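Spelled out, the chains give:
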Amino acid sequence: MALQFFNTLSRSVQEFVPRDPRGQSVGLYCCGPTVHDFAHVGNFRTFVFADLVRRYLEFKGHNVRHVMNITDVEDKIIRRVRETNAPLRDYTAKYEAAFFQDFQALNCLLPHDTPRASEHIADIIALIEKLVARGVAYRAADGSVYFSIEKYQGAGGHYGRLLKLNFEEMRPGERVSSDEYAKEAIADFALWKARVPDDGAVFWPSPWGEGRPGWHIECSAMSMKFLGPSFDLHLGGEDLVFPHHEDEIAQSEGAGAQAAGEPFVKYWLHGAHLLVEGKKMSKSLGNYFTLRDLLAKGFTGREVRYLLLTAHYRESFNFTLEGLQGARAALARIDECLGKLAEIGSGSEKAPSEPEVLHRFTDAMDDDLNVAAAWGVIFDWVRDTNKQLAENRISPARANTLLVVWGQINQVLGLHAKQESAPEDLVRLLLEREITRKAKDFKRSDAIRDELKARGWAIEDTPKGPRLKRL
Ligand SMILES: [Zn+2]
């Protein structure tokens, strides 16, 4: 079977054929975080999903260019900047750094480009100028620039490609200056927002006066800058289908940069909502978790990643703390099996390859990333391997081969963070702990252990002596 994805554009499962005539290069854009606060586990479901898509495409031999924007100019951010009195960059830098720490704790591969909106204002203005010149955008009396759905449709554009829309209910012509999701279910939307006193110091000059870009235009400008006017895959959470992605199509195709007959994006993939403890996440219900909250409860990024990967991306999923306990148990089963194989395997000799499990895994994943079937294949393999291990039927050479097979599957799953080496001062502390332990100064050795833990490292005893392991 060839790789297939559910394309929101056609509302059907379609074979994935890259635009590259050689079938090699793939351009992938995923809407990135709005850095106004710590990201929550629902946000990370989308990023782990995008990571899975990228890793699987790479596993299939594609050369993926992955772009993810950082939304650092937006209503919520401006409100917080005003409340905290901090410069925009100082405010967003903290949450951006936290986001990337979390991203790495979940072992998501870093996108090749992570452009910030605030550093692409000139590209955004150039795109708006094109839309104004083509007659599909207009400057309103307040100095803001709006996209006209009516003019776009009149010029042959089709608004409502991802979602069937009821234009009667969209009250065309109404204007709002907020770019918050709930207020944008109307026809014309802002591309450029004229400066108002509440914006404080967050504004840039433009041909239409001082102001700042709307959220939707940020993604059109940055995706096309890095991936060209047409590219293969655009990902995001299903809450972005309308209006964000619908507006992206209108802006990008409205600017007319694509070759004749080419769409802005060939495949649109959307990840479903996440429920937490059976309900929509909310701070008042106590089921609102950032990744940090989960790490503080003693779970690892690897366990969170595993749990997020157990659900099909198009199904809403109930994320629970109990589920995380289950993730820990499931990972322990995999780790135990791999540990035994590693104990048996020695030298570089390998038995003939055993591609059967890889074929079954690939068949499952080709089917619109059917992870339920893929995990079935993996746990069947773990069970069979354990059985053969118990019967002493695995030779060192075969153990090496099985570990290679697992390594290939794990390229897609990304369950094992690369072993990070600890900073030198911590390695020195570890040595000091060994010395103090031998001297029976347990108070000091425990204090060192606690300090290492506070810095995110655990001591692991191995046959070759203690070593530091990332918590
Ligand atoms: Zn976006």
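Right above here is the structure, for reference.
Residue indices follow the written sequence of each chain, beginning from 1 at its first position. In keeping with the model being predicted, local features are shown solely for residues with a pLDDT of at least 70 and side-chain atom pairs are shown and tallied solely at 80 or more, while totals for entire chains, interfaces and linings include all residues. By convention in this description, side-chain values take in all heavy atoms of the structure and omit both hydrogens and water.

Student: Looking at this model, I keep getting lost on the nonpolar core. Mind explaining?
Tutor: Nonpolar side chains in soluble globular proteins tend to be buried together. Counting 128 residues, the largest nonpolar core has Val41, Val53, Leu57, Leu233, Phe319 and Trp375 as its most contacted members. The way it works is that DSSP assigns letters per residue, a run of H or I at least four long becomes a helix, a run of E at least two long becomes a strand, and they are numbered from the N terminus. A per-element tally of this core places helix 1 (residues 41-59) first, with ten residues. Here, two residues are considered to be in contact whenever any of their heavy atoms come within 4.5 Å of each other. Discounting chain neighbours no more than four positions away, the residues touching Val53 are Phe5, Leu28, Leu233, Leu235, Leu269 and Leu369. In this text, buried Ala, Val, Leu, Ile, Met, Phe, Trp, Tyr and Cys residues form a nonpolar core when linked through side-chain atoms within 4.5 Å. Think of it in three bands: with a 1.4 Å probe and only protein chains considered, a residue is buried below 20% of the maximum accessible area for its type, exposed above 50%, and partly exposed in between.

Student: Please clarify how the coordination of the zinc ion should be interpreted in this entry.
Tutor: The reference angle at a metal is 109.5 degrees if four donors form a tetrahedron and 90 or 180 degrees if six donors form an octahedron. For Na, K and Ca the donor cut-off is 3.2 Å; for every other metal, N, O and S atoms count as donors within 2.8 Å. Water does not enter the count, which can leave sites looking incomplete. Those protein atoms acting as donors to the zinc ion are Cys31 (SG), Cys219 (SG) and His244 (NE2), and they sit at 2.0 to 2.2 Å. Positions of the donor residues of the zinc ion, expressed as sequence spacing, correspond to C-x187-C-x24-H. One end of the pair, Cys219, is in helix 6 (residues 215-227); the other, His244, is in helix 7 (residues 241-254), with 25 residues separating them in the sequence. Side by side, Cys219 and His244 carry an identical accessibility label, which is buried.

Student: What's the story with the sheet that holds strand 11 (residues 274-276) in this structure? I'm lost.
Tutor: Backbone hydrogen bonds are what pair the strands of a sheet, in a parallel or an antiparallel way. By definition, two strands form a pair when at least two bridges between them are found by DSSP. Strands sit in the order 12-11-13 across an open sheet of three strands; the sheet is mixed. Looking along the sheet, the strands with just one partner apiece sit at the ends: strand 12 (279-280) and strand 13 (317-319). Strand direction decides the pairing type here: strand 11 and strand 13, joined by three bridges, are parallel. Residue pairing in the sheet places Leu275 in a bridge with Asn318 of strand 13. Its contacts with the sheet put helix 1 on strand 11 and strand 13, and the angle it makes with strand 11 is roughly 145°. To get an axis, a line is fitted to the C-alpha atoms, and for a helix only the part in contact is used. The angle between two axes follows their N-to-C directions and goes from 0 to 180 degrees.

Student: Explain the environment of Leu294 here, please?
Tutor: The topology assignment puts Leu294 in helix 8 (residues 291-296). Its relative accessible area of 0% is what places Leu294 among the buried residues. Residues Leu294 and Val41, 253 residues apart in the sequence, show an inter-C-alpha distance of 8.8 Å. The residues touching Leu294, leaving out its near neighbours within four places in the chain, are Val41, Phe289, Phe299, Val304, Phe319, Leu321 and Leu324.

Student: What am I meant to see in helix 9 (residues 301-309) here?
Tutor: Three or four residues apart is the spacing at which side chains of an α-helix point the same way, because the helix has 3.6 residues per turn. The buried fraction of helix 9 amounts to eight of the nine residues, a majority that puts the element mostly inside the structure. Listed as buried for helix 9 are Gly301, Glu303, Val304, Arg305, Tyr306, Leu307, Leu308 and Leu309.

Student: Could you clarify how one ought to interpret the sheet that holds strand 8 (residues 211-213) in this entry?
Tutor: A sheet is described by the order of its strands in space; here four strands give the open sequence 5-6-7-8, paired in antiparallel fashion. With partners counted over all chains shown, the strands left at the sheet margins are strand 5 (137-139) and strand 8, one partner each. When the angles between neighbouring strand axes are averaged without regard to direction, this sheet yields 20°.

Student: What's the story with the environment of Ser220 in this structure? I'm lost.
Tutor: You can see Ser220 is positioned in helix 6. A relative accessible area of 0% means that Ser220 is categorised as buried. Once residues within four sequence positions are removed from consideration, Ser220 is found in contact with Leu127, Glu248, Gln251 and Ser252. For Ser220, the side chain forms a polar contact with the side chain of Gln251, separated by 2.8 Å. Identification of polar contacts relies on pairs of N or O atoms within 3.5 Å, with a donor-acceptor requirement for protein atoms, meaning one able to donate a hydrogen and the other able to accept it, and with residues adjacent in sequence counted only if both atoms are side-chain atoms.

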